[in-house]
Amino acid sequence: MHKVVISGTGLFTPPHAVSNEALVEVFNAFVRKHNAEHQAQIEAGAMQPLAESSAEFIEKASGIKQRFLMDKSGVLDPERMKPYLPERANEELSLQAEMAVAAARQALEAAGKRGADIDMVIVACSNMQRAYPAMAVEVQQALDIQGFAFDMNVACSSATFGIQTAYNAIASGQARAVLMVNPEICSAHLNFRDRDSHFIFGDACTAVVLERAEQAASAHRYEVLGCKLATVFSNNIRNNFGFLNRCDETGIGQPDKLFIQQGRKVFKEVCPMVGEHIVSHLDSLGIAAGDVRRFWLHQANLAMNQLIARRVLGREADAVEAPVILDRYANTSSAGSIIAFHLHSHDLRSGDVGVISSFGAGYSVGSVALKKL
Ligand code: COA
């Protein structure tokens, strides 16, 4: 069995930053128009008026201040309220593959690797822009990588499940090095007309290069001490979009074909699950929670992360121990914990231990324990 290291990471940040205030402005314009159009039914008591959203609520309830989007013009148009992302010809690089390649080039450069050094590509994310061919094969071709490539989806946990898959391939000798990328265009599955969730997501792409420890040469290398994955079925986060939709016309365009969640229930059920998951993972590795220098947690909700850190450490974690990026990026699904790792790992010293953990729909939880070399 080979020892495995993370030797490079990359981050693609979309061009358009959108504040809570801008998102609330368009949402409230939509609400006022909707209520005016249905004034008679509302006055007759046949319909409830829609309630307005507020930037103060969003920051207080989630910790999110802004997000980056692939397109803001469509999202901020009250007549549209979804991104405008034109289809591309089959001969062009697809949009998610383009994001993946941008993040991957950074990760390869940080690892000091070329495409020829990689044997396997995984695109791991919540939404694939088409059924096939796999985006990973497109990324593989764009970067002159031999070997094989495939897509996988474990929603917000996709990156840690992807790291486990890459780890297995390298440890067993199947691959010398693996590129694992997380291109997330969450704005395309977000219902910007749903008050409960219109502020939750942002877009981003992360990339990770993993390889055999003995061949790794980058300045910042992290040995993978172990991965632990868990899933427990829940209906509290769902997206029913899929290839069967066209077989029942009554469901087309319904809200369940976009992201929907019972946010309060998710909060209550997932926090203890993740806290116990990390504690038992550290136990199994013989690592005391107090010896972990950093927690790169999934970035969905600030209070959620504070609660999880408290369960693991038995005390509050400060922003150095559990860095926050959701204030700027919002929830970027599988990319979130890797953005935290990418932006907040270089200051660790040799021997320091940290944990990447992601969690989300499924439910799914993944943790990856790392040691800085
Ligand atoms: N603006 C103003 N008020 C709003 C609002 C908005 N956009 N959305 C909801 N509210 C109101 C509600 O109507 C409710 O009012 P009431 O108390 O008068 O009934 C109140 O705010 C609380 O709503 P609730 O939905 O219980 O808020 P919350 O504190 O649970 O926060 C989330 C909502 C989504 C931020 C939070 O539940 C969360 O982040 N959950 C975890 C989500 C998660 O991690 N999902 C994983 C996705 S991958």
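Residues numbered from 1 in each chain as written. Predicted model: local features only at pLDDT ≥ 70, side-chain atom pairs only at ≥ 80, totals over all residues. Heavy atoms only, no water.

## Considering the nonpolar core
Counting 47 residues, the largest nonpolar core has Ile278, Leu282, Phe295 and Ile308 as the members making the most contacts within it. When contributions to this core are tallied by element, the ones reaching two or more residues are helix H1 (20-37), helix H3 (55-62), helix H7 (263-285), strand E11 (292-297), helix H8 (302-313) and strand E12 (353-360). No other element matches H7, which puts seven residues into this core. With residues up to four places along the chain from it excluded, the contact list for Phe295 reads Ile278, Ala289, Val312, Leu313, Glu321, Ala322, Pro323 and Val355. One finds Met152, Phe161, Ala175 and Val224 within the second-largest nonpolar core, a separate group that totals 38 residues. (Core = buried A, V, L, I, M, F, W, Y, C linked by side-chain atoms within 4.5 Å. Buried < 20%, exposed > 50% of the residue type's maximum accessible area, 1.4 Å probe, protein only. Helix = DSSP H or I, 4+ residues; strand = E, 2+ residues; numbered from the N terminus. Contact = heavy atoms within 4.5 Å.)

## Quick word on the pattern of salt bridges
Within the structure shown, the criterion is met by 13 salt bridges. In this structure, Asp119 and Arg176 form a salt bridge, with 2.7 Å as the shortest nitrogen-oxygen distance. Note that Asp119 is positioned in the loop between helix H4 (95-111) and strand E4 (120-124) and Arg176 in the loop between helix H6 (158-171) and strand E6 (177-185), a separation of 57 residues in sequence. The salt bridge partner of Glu321 is Arg315, with a shortest N-O separation of 2.7 Å. Each of Lys33, Glu37 and Glu79 takes part in one network of salt bridges that share partners. (Salt bridge = Lys/Arg side-chain N within 4 Å of Asp/Glu carboxyl O.)

## As for the layout of surface pockets
Size it by volume and the second largest pocket reaches roughly 840 Å³. Along its surface, the second largest pocket is lined by 33 residues, and Asp196, Ile200, Gln261, Gly263 and Arg264 are the ones closest to its centre. Those elements that place two or more of their residues in the lining of the second largest pocket are H3, strand E10 (260-261), H7, H8 and E12. Counting residues per element, the lining of the second largest pocket draws most heavily on H7, at six residues. Here the residues of the lining of the second largest pocket are counted per class, giving 16 nonpolar, 11 polar and six charged. (1 Å grid on protein atoms, 1.4 Å probe; cavity = no way out; pocket = protein on both sides within 12 Å on 5 of 7 lines; lining within 4 Å. Points joined across faces, edges and corners; volume = space filled by probe spheres on them. Nonpolar A, V, L, I, M, F, W, Y, C, P; charged D, E, K, R; others polar.)

## Observations concerning the site of the ligand
In the vicinity of the ligand, 17 residues are found, and the nearest of them are Ser53, Cys156, Gln261, Arg264 and Asn301. Between the ligand and Gly263 there is a distance of 3.1 Å, counted from a nitrogen atom to a backbone nitrogen or oxygen. One of the side-chain nitrogen or oxygen atoms of Arg264 is found 2.6 Å away from an oxygen atom of the ligand. Surface burial for the ligand is 71%, taken as the share of its 960 Å² of free accessible area covered by protein chains. (Near = heavy atom within 4 Å. Polar contact = N/O pair within 3.5 Å; in protein donor to acceptor, adjacent residues only side chain to side chain. Areas by Shrake-Rupley, 256 points an atom, 1.4 Å probe, with all protein chains shown as cover.)

## Re the packing of aromatic side chains
Within the structure shown, the criterion is met by seven aromatic pairs. Relative to Phe150, the ring of Phe148 lies with its centre 6.4 Å away and its plane at 10 degrees, an arrangement referred to as stacked. On the basis of relative accessible area, Phe148 is assigned to the partly exposed category, the value being 32%. When the ring of Phe201 is compared with that of Phe259, the centres are 4.8 Å apart and the planes differ by 90 degrees; the resulting orientation is edge-to-face. (Phe/Tyr/Trp six-rings, centres within 6.5 Å; stacked < 30°, edge-to-face > 60°.)

## Some points on H1
Given a rise of 1.5 Å per residue, 18 residues ought to cover 26 Å, and the 26 Å separating the end C-alpha atoms of H1 matches this to within 8%. Listing the buried residues of H1 in full gives Asn20, Leu23, Val24, Val26, Phe27, Asn28, Phe30, Val31, His34 and Asn35. Looking at the buried residues of H1, the elements they touch are strand E2 (16-19), helix H2 (39-43), H3 and strand E3 (66-69). (Expected span 1.5 Å × (residues − 1).)

## Digging into the pairing of E12
Burial analysis of E12 places eight of its eight residues in the buried class, the great majority of the element. Burial along E12 is two-sided: Val353, Val355, Ser357 and Phe359 and Gly354, Ile356, Ser358 and Gly360, pointing in opposite directions, are all buried. With five bridges connecting them, E11 and E12 associate as parallel partners. Considered in E12, the bridge of Phe295 is made with Val355. Sheet topology note: the E12/strand E13 (residues 364-372) ladder contains eight bridges and is antiparallel. For Val353, the partnering residue across the bridge sits in E13 and is Lys371. (Pairing = 2+ DSSP bridges.)

## Considerations on unusual backbone geometry
Cis geometry marks the peptide bond from Tyr132 to Pro133, where omega comes out at 0 degrees. By the secondary structure assignment, Pro133 is in the loop between E4 and helix H5 (135-142). For the bond running from Gly362 to Tyr363, omega is -10 degrees, close enough to zero to count as cis. Assignment of secondary structure puts Tyr363 in the loop between E12 and E13. Phi angles above zero are rare outside glycine, and Ser333 is one such case at about 55 degrees. Locating Ser333 in the fold gives a position in the loop between helix H9 (326-329) and helix H10 (335-343).

## Considerations on the sheet that holds E6
Spatial strand order, E5-E4-E6-E7-E1-E8-E13-E12-E11: nine strands in an open sheet with mixed pairing. Pairing within the sheet leaves two strands with one partner each, and these edge strands are strand E5 (148-152) and E11. Across the sheet, the axes of successive neighbouring strands diverge by a mean angle of 25 degrees, strand direction being ignored. Bridge count for E4 against E6 is four bridges, and the pairing is parallel. Bridge pairing in E6 places Val121 opposite Leu179. Where H4 meets the sheet, it contacts strand E1 (4-12), E6 and strand E7 (203-212), and its direction lies at approximately 130 degrees from that of E1. Contacts between H8 and the sheet are confined to E11 and E12, with E11 contributing the most and set at about 145 degrees to the helix. (Axes fitted to C-alpha atoms, helices over the stretch in contact; angles between N-to-C directions.)

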